[in-house]
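Survey of secondary and tertiary structure
Now for the letters of each chain:
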Amino acid sequence: MIKTKTIVGLCLILALVGLAFAPCLQNNFTNWDDNLYVTGNSVVSALTWANLKKTFTSFFVTHFQPLTILTYSLEHHFFKLDPFFYHLTNLILHLLNTLLVFWLVYLAGGSLAVGGITALFFGIHPLQTETVAWISQRKTLLYACFYLAALISYFYYLRRGLKLRYYFLCLGFFVLALLSKSVAFTLPLVLWLLDYLAIRNEARRVLSEKIPFLALSLIIGLVALWGGYLSTVFYQPAAYSLLARLIGASSDLIFYLYKLCWPLKLSAIYPYLQIQQNPLYWLCLPVAIALFSSLLFAGRKNRKLIFGAGFFLLTIFPAIRFMPLEEALVADHYIYLPAAGILYLLAQGLLWLFKAPVRYRRLIQGLAIFIILSAAIACIFLTRSRCRVWQNSQSLWNDVLKKYPLTATAYNNRGEFFLGQKEFALAALDFKQAIAIRTNAPYNPTYKYYYLNLGNALRASGRLDEAQAVFKMLVQEAEEYFRQPQALRRGDKNKVLSSHRRNIEAGAYFNLGNIQDALGDNQSALALYLKAIELSPRMLYAY
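Please read these numbers as outputs of a predicted model, since none were measured by experiment.

Here we take up the overall build of the chain. Each helix and strand in the chain was counted, giving 24 helices and zero strands. Going through the 543 residues of the chain one by one, you find that 52% of them count as buried. Of the contacts made within the chain by residues no fewer than 6 positions apart, 73% connect residues no fewer than 24 positions apart. For the chain, the accessible surface area stands at approximately 25,700 Å², while carbon and sulfur atoms represent 66% of it.

The next point concerns helix α17 (residues 361–389). Between its first and last C-alpha, α17 extends 42 Å over 29 residues, near the 42 Å set by a 1.5 Å rise per residue. Taken as a whole, α17 has its buried residues at Q365, A368, I372, A376, C379, I380, T383, R386, C387 and V389.

Take unusual backbone geometry next. Backbone geometry places D33, a non-glycine residue, at a positive phi of 80°. Here D33 is to be found in the loop between α1 (2–21) and α2 (34–39). Not every positive phi belongs to a glycine, and L162 is a case in point at roughly 55°. Tracing the sequence through the fold places L162 in the loop between α8 (138–159) and α9 (164–180).

Within this structure, the stated rule accounts for eleven salt bridges. Salt-bridge contacts for D399 lead to K403; the nearest nitrogen and oxygen are separated by 3.1 Å. Here D399 and its partner K403 are both found in helix α18 (residues 393–403), four residues apart, which amounts to about one turn of the helix. With a relative accessible area of 22%, K403 lands in the partly exposed category. Linked by salt bridges that have partners in common, D195, R200, E202, R205, E209 and K210 make up one network.

What follows deals with the confidence of the model for the chain. Confidence in the prediction for the chain averages 86 pLDDT; 88% of positions are at 70 or higher. Across residues 229–235, where pLDDT falls below 50, the model places 24 contacts with residues more than four positions away in sequence or in other chains.

On to a nonpolar patch on the surface, then. A contiguous nonpolar patch, built from L47, L74, F78 and F79 and spanning about 360 Å² of accessible area, is present on the exposed surface. Looking at where F79 falls in the secondary structure, it is placed in helix α4 (residues 66–79).

With that settled, the discussion passes to the packing of aromatic side chains. A complete count under the given rule lists 27 aromatic pairs for this structure. Note on F417 and F418: the rings are 5.9 Å apart at their centroids and 55° apart in plane angle, and the pair reads as tilted. In this structure, F417 and F418 share a single accessibility class: buried. Ring centres of F510 and Y529 lie 5.6 Å apart, and the angle between their planes is 45°; this geometry places the pair in the tilted category. Residue F510 is located in helix α23 (residues 495–518), and its partner Y529 is located in helix α24 (residues 522–535); the two are separated by 19 residues in the primary sequence. In terms of burial, F510 and Y529 fall into one category: buried. Three or more aromatic residues joined by ring pairs form one cluster here, namely Y154, Y157, Y167, F168, F174 and F213. Over the face of the ring belonging to Y196 we find R303, whose NZ or CZ atom lies 4.3 Å from the ring centre.

Procedures and definitions
Residues numbered from 1 in each chain as written. Predicted model: local features only at pLDDT ≥ 70, side-chain atom pairs only at ≥ 80, totals over all residues. Heavy atoms only, no water. Helix = DSSP H or I, 4+ residues; strand = E, 2+ residues; numbered from the N terminus. Buried < 20%, exposed > 50% of the residue type's maximum accessible area, 1.4 Å probe, protein only. Contact = heavy atoms within 4.5 Å. Areas by Shrake-Rupley, 256 points an atom, 1.4 Å probe, with all protein chains shown as cover. Expected span 1.5 Å × (residues − 1). Salt bridge = Lys/Arg side-chain N within 4 Å of Asp/Glu carboxyl O. pLDDT = per-residue confidence, 0-100. Patch = residues over 30% accessible without salt bridge, like charges linked within 9 Å, V, L, I, M, F, W, Y side chains within 5 Å. Phe/Tyr/Trp six-rings, centres within 6.5 Å; stacked < 30°, edge-to-face > 60°. Lys NZ or Arg CZ within 6 Å of the ring centre and 35° of its normal.

Shown next, in the form of structure tokens:
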């Protein structure tokens, strides 16, 4: 009877999750990395041995994530570029992850009620929308699936006499998680957390069991660094003091905790400079210290508290930015898996409140049920609304600019959408706005994409003189940069930024060459094309 009730309860949870995310199935691709991962990715366009080899030997958007790319290849093979099936895959993975969260929490000693509440809010929380509705976040959904499966396998390893088949099953799922997204390297630390929850005292064996996991984490960590995954985060460390980094990290933690409890004003981009201007920003460090101290004090007699908080802290750690970036400090998809830890603690608190032997017990029980129902209804409503924001590129960037109107990246990306729709005047206006409000970082040339896009919009609309002036400005800056001594080229210290710089400059030479060719100056056009090829040999269309 209990088993039947559990199955019915899980089916109800999955139905509510499906209801919350149903609008995603009507969404299109966006120009927020979907063009890099799917629509413009030649590797996924044909399921061939050559492309499979590239899938497992190449970096995509500076990440090594072969299993994620393989899922796109399979979808493209069977469904081409029909966005419905890509969104459907994301939703199915999210539903599976919701079930795995329930299973994990139940194994961790939570009751069926705690597992159900945790899984429900993990599934329907508005913060999860970005991960599910954004096709490019397949890597987060996929790694979370294998990560949770690995933890569940390890629980069975602990509970069933340390049988090796569960240990190797855990190790296998860990490998799959690493091949989906490199942030899975935190799993060995979470396994130690499970050992702590199980009160294991065999220190030597506990350590020796983790050696293969730690070795794999080290390997994938080195691969990630090689691909440039962390290079844009930890560039120029001397520019920020230790205090500034600690405040930034504390701000991230407080931000995620706040959004979990009050998921309003969600955005695809949260500009760092606007977050920093919040007068409460500088209080984040003492608040984080107070929370951490309280956790240690309360956790002395409650291992479940340490498990929930520890799961959150360990899984969110790769996303904590110890250095502020221009326009990217936090993101909703970073909290996807870590949210389970905090939601588990909240569910435990509600259950305690429900069972507390206090004077007005029935009143408190009614209040707890009211809180759960009200929060669930609000989450479903907000999640459905948030899904519609991701309908297409225009709706996505309109939403960002509505909430953070000084976000240059949003103007540029909306301009690229208009450019693709051949609305050249609107595109040019957005690119000019992006240029007007962008942050100038001399060692980071990526903002020059705005100029390159502006030149393309002007050229496409027939305003050749204005376009030519923009491209010439970029070419002149490039020539001045390369005339500097090597030691003064600050951007060259970072391979990712150096690659961006060369692509931008190659694009400027190529587009200027196109204009010269259209004007009949073939010799000048040829010289410009050759310079573009020198800077970016893979620019095939320049040949």
